[in-house]
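Descriptive analysis of the structure
Here is what each chain is made of, one letter per residue.
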Amino acid sequence: MDSTNTQTSPANYDTRWFIWTIVFLVVTGISLVSYILLSDSGTSDAPIFVRAQNK
């Protein structure tokens, strides 16, 4: 029975999957942040700074 070696040598290693994974993660992150920023109405947020009242 012939046994075939399906492993590739390090010199022939294909890095396209890694590049496409990085592209996918960057695009997904930008899309998520854009969706959050565009869908935020801002009316229900608590104020960040509270004015100090002079006595």
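A few points on the structure.

Definitions and limits used
Each residue is numbered by its place in its chain's sequence as written, counting from 1. Where totals are concerned, whole chains, interfaces and linings use all residues; where local detail is concerned, this predicted model gives features only for residues with pLDDT of at least 70, and gives and counts side-chain atom pairs only at 80 or more. Calculated side-chain values reflect all of the structure's heavy atoms, with hydrogen atoms and water omitted. Each helix is a run of DSSP H or I of at least 4 residues and each strand a run of E of at least 2, with the numbering of both proceeding from the N terminus. Here the term buried applies to any residue with accessible area under 20% of the maximum for its type, exposed to any over 50%, and partly exposed to those in between, with areas from a 1.4 Å probe on protein chains only. Where accessible areas are quoted, they stem from the Shrake-Rupley method and a 1.4 Å probe; at the residue level, only the protein chains shown are allowed to cover. Under the pairing criterion, centres of Phe, Tyr and Trp rings, with the six-membered ring standing for Trp, must be within 6.5 Å; the plane angle then separates stacked pairs below 30 degrees from edge-to-face pairs above 60, leaving the rest tilted. Nonpolar side chains (Val, Leu, Ile, Met, Phe, Trp, Tyr) within 5 Å and like charges within 9 Å form the patches, drawn only from residues with over 30% relative accessible area and no salt bridge. By salt bridge we mean one thing: a side-chain nitrogen of Lys or Arg within 4 Å of a carboxyl oxygen of Asp or Glu.

1. Thoughts on the overall build of the protein
Within the protein one finds one helix and zero strands. Split into buried and exposed, the 55 residues of the protein put 0% on the buried side. Looking at the protein as shown, the accessible area adds up to about 6,100 Å², and 63% of this sits on carbon and sulfur atoms.

2. Some remarks on the packing of aromatic side chains
As enumerated under the stated definition, the model contains one aromatic pair in all. Arranged with centres 5.9 Å apart and planes meeting at 80 degrees, the rings of tryptophan 17 and phenylalanine 18 form a pair that is edge-to-face.

3. Focus on a nonpolar patch on the surface
Where nonpolar side chains cluster on the molecular surface, the patch consists of Tyr13, Trp17, Phe18, Ile19, Trp20, Ile22, Val23, Phe24, Leu25, Val26, Val27 and Ile30 and spans about 1,300 Å² of accessible area. Looking at the secondary structure, you find valine 26 in helix H1 (residues 16-39). Overall, valine 26 belongs to the partly exposed group, its relative accessible area being 46%.

4. Structural notes on the pattern of salt bridges
Pairs may arise between side chains of opposite charge once their charged atoms sit close together. Enumeration according to the criterion identifies one salt bridge in this entry. Among the salt bridges present, the one from arginine 16 reaches aspartate 14, with a minimum N-O distance of 3.0 Å. Judged by relative accessible area, arginine 16 falls into the exposed class, the value being 55%. Look at aspartate 14 and you get partly exposed, because its relative accessible area is 37%.

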